[in-house]
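# Fold and geometry: a report
Letter by letter, the chains look like this.
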Amino acid sequence: MIGQKWMYIKLIGSHRTGWLASNTDWLVHVVSLICASVMLLLLVIYGYILWTKYNSRRREKVKIVLVQELLAEGSVLQRYLDHGEIGVELLNMSRDQQSVLQQLLLQRLAQGAEEHEILRIRLLSWQVFGGSYRSVLKNGKWNQRVNTLLYIEQFHMVELLPRLEDMLRVSSCTLLERFIILRIYARTGYFRIVKELMREKYVLSDSQYLQILLLLTESSWTRLKEHFKDVPYQVQSNIIHAIRIRDDQTDGTVALLEKLILGDDAQLRICSYQALAHVGRGREDLLKGLLLIWNEHGEERQRSERLTVTQLMGTVHADAFIPRLKVMMGDPSFQIRQEAANSLARYEQGLEELRDTAVNHPDKYARQIAEETLERMQYGREMD
């Protein structure tokens, strides 16, 4: 009543004329009702926030107690991990207990569990979380599905691979989900991984493809190289990068790189040269032979390829490369001229060849870069 009287004075005051004069009481009641509703709504929201915070703190305290119980010596979890004795308590856990168990098992894996523990953790995770994970993948929100896929990957749940295959086929499966599923395929050695990589519709980034390729098991990796010509171009490029990172020195890999170096694709040739220089240890003669073949058509090749070959000629020494390096010191690209001079300087007779170039080379840019390189070498000797 006091509020209504206050509103009556403030809103209406002495200006009671026209429509306002006949509807004053009704207007005051409506405004009062709106204000009361807003106040009630704010009180409900405030009460909900307080209850949420209280409930969150209570659950955190419960989880802390659960963690202590499961980590205690002789607990059901410790008995299982140490002796493989699985108790009913582990299999019939509440939602909060499962959350705590999941956290502890992931921590154990991250800390480098022993092989027998890893196998027991994978078995237990499937028995405890398998049903809930399957349900989330079917009905969960996007962020829940992504988190669940990451858990499946860490727990190595091969039992869910057919379910992931179904998930991969639906149009609602996002690129991130596809990437994680392919990563799980690669990590577990699932036979579908090679066929999936042969599908051109996937538009993953180079980094994502490389992550998948580096996780492939040896058998999947070998099968993928056998189907090299059937995979999309982007995957082919990343396979060559993966060869270098995986340090794959097998005969089949070297033969593949040799074939690509002699092929028509410039980008694959560049990547293959770099990979062969890394994994072809003990096969320097092969690389030298391929570089000599390159010399026959080198001037027609792209700048990036000329630069790569110039760098390799400084790493893999052969007297037959010296004339080519001196020619490349007159290349239109300054970076290639510089790299050719640096490569020549790494040869035993490099100083003598640079002096000869600085005087007798028909190209003035080659003479300049040779003089600059000689000055830099002289400065380096003085500093030593």
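Residues numbered from 1 in each chain as written. Predicted model: local features only at pLDDT ≥ 70, side-chain atom pairs only at ≥ 80, totals over all residues. Heavy atoms only, no water.

Moving on to the domain arrangement of the chain. In terms of domains, the chain is made up of domain 1 (53–155), domain 2 (174–282) and domain 3 (301–383). A separation of 62 Å is found between the C-alpha centroids of domain 1 and domain 3. (Domains from an automatic or database assignment.)

When the charged atoms of two side chains lie near each other, side chains of opposite charge can form a pair. One pass over the full model with this rule turns up 20 salt bridges. For Glu153, the salt bridge goes to Arg183, with nearest N and O atoms at 2.8 Å. A residue pair is termed long-range when its members are at least 10 positions apart, and Glu153 in helix α8 (residues 142–155) and Arg183 in helix α10 (residues 175–188) qualify at 30 residues. The two residues Glu153 and Arg183 agree in class, both being buried. Among the ionic pairs, Lys225 bridges to Asp248, the shortest N-O distance being 2.5 Å. (Salt bridge = Lys/Arg side-chain N within 4 Å of Asp/Glu carboxyl O. Helix = DSSP H or I, 4+ residues; strand = E, 2+ residues; numbered from the N terminus. Buried < 20%, exposed > 50% of the residue type's maximum accessible area, 1.4 Å probe, protein only.)

With that out of the way, let us pick up the environment of Val279. By secondary structure assignment, the location of Val279 is in helix α16 (residues 266–279). Look at Val279 and you get buried, because its relative accessible area is 0%. Separated by 30 residues in sequence, Val279 and Gln249 have C-alpha atoms that sit 5.2 Å apart. The residues touching Val279, leaving out its near neighbours within four places in the chain, are Ile243, Arg244, Asp247, Asp248, Gln249 and Leu257. (Contact = heavy atoms within 4.5 Å.)

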